[in-house]
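Spelled out from the first residue to the last, the chains are:
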Amino acid sequence: MDNIWFIAAMGRLFFLAGISPMLAQAAGGGLQIDAVNSNGQISWTNAFPSGVCTVEAASQLSGGAGQTAWVPRQNYFTTNSAGSGGCALWPGNNFFRLRAVDISSNTPQAFTNFVDSFGLLHTIAGSGADAGVDGSNYWQASFEGGYATNAALSRPHFALEDCSGSVYIVDKGSDSVLKVTTDGRIHTVAGTHAAGNGPDSSTPATNVAMNLPNGLWMRSDGTVYVLDTGNSKVRRLATNGMMTTLLTDAKGIKSGRGLWVRNDEALAYYCSSSNLRQWTSAGGVSNLNKEFNDLGNIIISGNNIVATDRGDNTVWLVSTNTGARALLFGNGGTNIVVDDTPALTNSLYGVRGVWQPPIGGYFLATDFGAQLLYVDVAGMIHTLVDGYEDTHAGDGQWFYTPGYKFGQLRSVSMDNQGNLLIVENDLGYVRRIDFQRLSP
């Protein structure tokens, strides 16, 4: 179908809205811009309740709307009819249009809409140089403050972005937490780069020695929590750079990876080998579930914990009320994933990473399978990025082009802008997939 345009003008700003060609019209009779302002902020109604809105821009209109060179600027997941967003303005005239796509159904078009909402693949940290031996520390003082892609990482396990755009990396082998700032440079924000057991009281975080930290969680205000596995502690890194200990597990933490802390710090969940543990400020540590083989990562989904069991090649839903678990995805095997089939009956070889986008479904990252996967809301699985052992390729390409791009994966997360952060293989890289269309 042709684009349907709704036009509003404010001074030098020109806004248009429309439904993308070949897609069903949005609920309520068509996407509509309700308000705009001179800062480029837009609010809309009649978006898809499970979809993506894209703000596209042009510096001029030429030969009619159909011939204008529109540039995708910003994507937004839509979870109901109404929403808002915007993007930075260009100098001079600014023409914008808003487009909506539906990704709610289990159809080839819905999956295409989903895939087309993401763009280029990048390496944002890690050089891969001489970084392949577990238990080795590859950090050098010369890396400090330099470009993150020139730094050799030491078996990183998790990466999360704060609201300012800085990416925090828990680097197990260098016993530290690193931060990549928006200028692409890397800085140590916690740890001394030597194994130890630093003080529990408030101390500058770069003076607090840790021992094989490999779990990370972040509060919305930028407070970072670190699973200091070798010391059986969860430590808090405050936004002022001071570190304290939130909890110590007297039972000991083995092979800890997954970590989640509630904003009020009265509740935490974390992994210790086969045990999914719960800590409360009132009651201390207890085992919520002890039936796993070798846990990977965890997230919270409603009243449940979603937990990956990399030793069993499965993903589970665990009740936070009872600790009872139910199989969510995976048949326990090690075979190749069969696209567009139920995730429940597929092999998830060494599944570690799990993350849930706002529109539902799950991203999964596999270790031995070396794949980034997506399970849609109907439970069907799709390969987003393929990989093999220590492969590292594809920078600057559309992420969905054919070919091996990843090595063994540790985790996947999504930042506030919808970009995907993937911690890749034993050579130590952090990759990003942009949540941005490449073409209108």
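For the structure, check the block above.
Chemist: What is the right way to look at the sheet that holds strand β11 (residues 167-171) in this model?
Modeler: Strand pairing in a sheet relies on backbone hydrogen bonds, with the paired strands running either antiparallel or parallel. If you walk across this open sheet you meet the four strands as β10-β11-β12-β13, and the pairing is antiparallel. One side of each edge strand has no neighbouring strand; the edge strands of this open sheet are β10 (156-161) and β13 (186-190). Going from strand to strand, the sheet's axes swing by 30° on average, the running direction of each strand aside.

Chemist: Would you mind going over the sheet that holds strand β24 (residues 304-309) with me for this structure?
Modeler: The antiparallel open sheet is built from four strands, whose spatial order is β23-β24-β25-β26. Edge strands, defined here as strands with exactly one partner in the open sheet, are β23 (295-301) and β26 (325-329). Across the sheet, the mean angle separating the axes of adjacent strands is 30° when strand polarity is ignored. With four bridges joining them, strand β25 (residues 314-319) and β26 adopt antiparallel strand pairing. Paired with Leu317 across the two strands is Ala326, which belongs to β26.

Chemist: I tried to follow the pattern of salt bridges on my own but got confused; where do I start?
Modeler: As a working rule, side chains carrying opposite charge can pair if their charged atoms are close by. Under the criterion given, the structure shown has 23 salt bridges. Among the salt bridges present, the one from Glu56 reaches Arg97, with a minimum N-O distance of 2.5 Å. You can see Glu56 sitting in strand β5 (residues 51-58) and its partner Arg97 sitting in strand β8 (residues 94-102), a full 41 residues away along the chain. The exposure class of Glu56 is buried, given its relative accessible area of 0%. Overall, the relative accessible area of 6% leaves Arg97 in the buried class. Note that Asp434 is salt-bridged to Arg432, the shortest N-O span being 2.9 Å. On the basis of relative accessible area, Asp434 is assigned to the buried category, the value being 13%. A residue is classified by how much of its surface remains accessible, and Arg432, at 24% relative accessible area, is partly exposed. Through salt bridges with shared partners, a single network forms among Asp134, Arg155, Lys172, Arg257, Asp294, Arg310, Arg352, Asp367, Arg410 and Asp426.

Chemist: Teacher, can you tell me more about the nonpolar core here?
Modeler: One broad rule of soluble globular proteins: the nonpolar side chains tend to lie buried together. Core analysis: the largest hydrophobic core is formed by 82 residues, its most contacted members being Phe114, Phe118, Leu364, Leu372 and Leu384. Among the elements that make up this core, the one with the highest residue count is strand β20 (residues 267-272) (five residues). In this structure, Leu384 is in contact with Phe111, Phe114, Val115, Phe363, Leu372, Leu373, Tyr374, Phe399 and Tyr400, ignoring residues within four places of it in sequence.

Chemist: Explanation requested: the layout of surface pockets in the structure shown.
Modeler: Vacant regions in the atomic arrangement are exposed by a probe of water-molecule size rolled over the atoms. In this structure, the largest pocket spans a volume of roughly 480 Å³. Glu161, Trp355, Met414, Asp415 and Asn416 are, among the 25 residues lining the largest pocket, the residues nearest its centre. Contributing elements (two or more residues each) for the lining of the largest pocket: β6 (71-78), β10, β15 (213-218) and β19 (259-261). With four residues, the single largest contributor to the lining of the largest pocket is β6.

Chemist: Please explain the pairing of β15 as it appears in this structure.
Modeler: Each regular strand carries side chains that alternate between the two faces of the sheet. Counting buried positions along β15 yields six of six residues, so the element is predominantly enclosed. Bridge count for β15 against strand β16 (residues 224-228) is five bridges, and the pairing is antiparallel. Residue pairing across strands places Gly215 opposite Leu227, the latter belonging to β16. Counting the residues that bridge the hairpin from β15 to β16 gives five residues, and of these Gly222 lies at a positive phi of roughly 95°.

The rules behind the values
- Residues numbered from 1 in each chain as written.
- Predicted model: local features only at pLDDT ≥ 70, side-chain atom pairs only at ≥ 80, totals over all residues.
- Heavy atoms only, no water.
- Pairing = 2+ DSSP bridges.
- Helix = DSSP H or I, 4+ residues; strand = E, 2+ residues; numbered from the N terminus.
- Axes fitted to C-alpha atoms, helices over the stretch in contact; angles between N-to-C directions.
- Salt bridge = Lys/Arg side-chain N within 4 Å of Asp/Glu carboxyl O.
- Buried < 20%, exposed > 50% of the residue type's maximum accessible area, 1.4 Å probe, protein only.
- Core = buried A, V, L, I, M, F, W, Y, C linked by side-chain atoms within 4.5 Å.
- Contact = heavy atoms within 4.5 Å.
- 1 Å grid on protein atoms, 1.4 Å probe; cavity = no way out; pocket = protein on both sides within 12 Å on 5 of 7 lines; lining within 4 Å.
- Points joined across faces, edges and corners; volume = space filled by probe spheres on them.

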